[in-house]
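# Summary of structural features
These are the residues of each chain, in order.
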Amino acid sequence: MSCSVSNFTVFQLISNGKFSNSGTNMATTIASVHLLFLVIMTYGLPFHRVDCFEIEKVALLKLKRGLLDPSHRLSSWVGDDCCKWRGVVCSNRTGHVIKLNLRSLEDDGIDGKFGGEISHSLLDLKYLNYLDLSINNFKGIKIPKFIGSLERLRYLNLSAASFSGGIPPQLGNLSRLIYLDLKEYFDLNTYSDESSQNDLQWISGLYSLRHLNLEGANLSRASSYWLQAVSMLPSLSELHLSSCGLSFLPPSLPSSNLTSLSVLVPSDNGFNSTIPHWLFQLRNLVHLDLSFDKLGGSILDPFSNSTLEKLKMMGSLCKLKTLILLEHLNLGFNWNSFVGSIPNSIGNLSNLKELYLSNNQMSGTFPETLGQLDELVAVDMSENSWEGVLTESHVSNLKNLKELVIFKFSLLPDQTLVINISSEWIPPFKLEYLSLRSCQVGPKFPAWLRNQNELNTLILRNTRISSTIPDWFWKLDLELDQLDLGYNQLSGRIPNSLKFSSESLVYLIWNHFSGSLPLWSSN
């Protein structure tokens, strides 16, 4: 390795003997020297890199020898300059190896992922600050404890790499770490072993951490204190704890250190409790996912026995963009069981983009404050017991809305929710997915759909429509993935103008259509 200084005006002045005795030139020269000194102190001397450091090249070659590389991705690891090898990044300033990215690619396939052993030679990469070994197949070897000695690491990703056993507590020594992803780090064949159970005592030393993903890791040993543990990380902004075997959702927050938290995903843990008060203290929260947590009670429960001022607390989550209390997936999952109605204060969540309240036990009417959520893109209210009337005032400001889902699987005639939208109203949004099922939309076909020419799914099933389908609908030139108008009393002829793909689904059963079967295009 050799270094040389070049192209600095002040050195040219010195070497060419062009110092002048005049006060002006001398002052200019002194200022240039001071500027050069600051540049050197800040960035170091500029250099011309010859080759990478020998000790680092040897370390990488030892690592290569220990790895199984069926896709030959390390075939470029030859020659003297390891900084040119695939997945290796060196510092432009010092020439040291600072980044090692051995993440498998999608086109590598199952049999093309790295495996084998991870050499201790990594410890010779003393300036390494980025290590990615994710999406590989290490076939049940343990996460190397020595990774906790790579003290300069700021980024570590071992997700989906098929390790076994628990998370080594030595990772807690990485005090400079900003990003840690251990999502599903384990080999599924060993996950049920007792050795795969983890505690969270080790994370207390990660006081620089901003992103923590432990999704799928067995944290059952930390169930009683997990919130206290993560509360010790003052810079944490993103926390993923889905499917971690946590059974306890604390009713109170141990400290206020989580004020930077913007993403919180503790879903699929089966907490079997109500929504705790402390969630509404997280003022920077952008994304909250509580799906499949067996949560119950009323959404208003955190505010019970509170003053009117405290009832406005939902406004504390004013930055929230995604609220997922339950996503409808299938009947095999354990769902939440919220009861009661949607509070008027939901209108304070002005940045909310996705609202999923499906498959709960909620009831009541929709508050008109829903119409204040003008950032909403997707709304799913399915499988609840809604009642009352939904009018254009509930959706008149939802200019970004793409998905609206309100349905029940029941075909019973006691429809308690009425969709009563003026035939003259023109929506400000362009829906792509509309599903209204077992609620009253009719008797007329909804005229407000006449400008919805971006629909790819339209479901108006069991909605008491007893008219003909207007001509303007057939002229929308829709290419639908799904059309379901079943269980109504629609009449008239069906033209051939609609377009469907070969995989599209069309349901027109239990209506009064007449004429021949349409010959729809499949292009």
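Up top is the structure.
Residues numbered from 1 in each chain as written. Predicted model: local features only at pLDDT ≥ 70, side-chain atom pairs only at ≥ 80, totals over all residues. Heavy atoms only, no water.

## Some points on a positive patch on the surface
Taken together, R152, R154, R176 and R210 make up a surface patch of like positive charges. With respect to the helices, strands and loops of the structure, R210 is situated in the loop between β7 (179–181) and β8 (211–213). (Patch = residues over 30% accessible without salt bridge, like charges linked within 9 Å, V, L, I, M, F, W, Y side chains within 5 Å. Areas by Shrake-Rupley, 256 points an atom, 1.4 Å probe, with all protein chains shown as cover. Salt bridge = Lys/Arg side-chain N within 4 Å of Asp/Glu carboxyl O. Lys, Arg positive; Asp, Glu negative; His and termini not counted. Charge placed at Lys NZ, Arg CZ, Asp CG, Glu CD. Helix = DSSP H or I, 4+ residues; strand = E, 2+ residues; numbered from the N terminus.)

## Digging into unusual backbone geometry
P443 follows G442 through a cis peptide bond whose omega is 20°. Note that P443 resides in the loop between β22 (433–437) and β23 (457–461). Not every positive phi belongs to a glycine, and E184 is a case in point at roughly 45°. If you trace the backbone, E184 turns up in the loop between β7 and β8. On the basis of relative accessibility, which here comes to 37%, the residue E184 falls in the partly exposed class. (Buried < 20%, exposed > 50% of the residue type's maximum accessible area, 1.4 Å probe, protein only.)

## Considering the environment of W520
For W520, the location among the structural elements is in the segment after β27 (512–514). Taking the relative accessible area as the measure of exposure, W520 reaches 23% and is therefore partly exposed. With 25 residues separating them along the chain, W520 and P495 place their C-alpha atoms 8.4 Å apart. Setting aside anything within four residues of it in sequence, one finds W520 in contact with I494, P495, N496, S497, L498, F500, V506 and L508. (Contact = heavy atoms within 4.5 Å.)

## Overview of the pattern of salt bridges
As enumerated under the stated definition, the model contains seven salt bridges in all. Measuring nitrogen to oxygen at the nearest pair gives 3.9 Å for the salt bridge that ties K183 to E215. In this pair, K183 is assigned in the loop between β7 and β8 and E215 in the loop between β8 and α4 (226–230), connecting sequence segments 32 residues apart. What makes K183 partly exposed here is its relative accessible area of 31%. Take E215: its relative accessible area is 18%, and that puts it in the buried class. A salt bridge links K402 to E454, with the nearest nitrogen and oxygen atoms 3.5 Å apart. Highlighted residues: K402 in the loop between β19 (388–390) and β20 (403–407) and E454 in the loop between β22 and β23, separated in sequence by 52 residues. Classification of E454 as partly exposed rests on a relative accessible area of 37%. Taken together, the shared-partner salt bridges in this structure form one network comprising E54, K57 and D80.

This is a description of form; function is not addressed.
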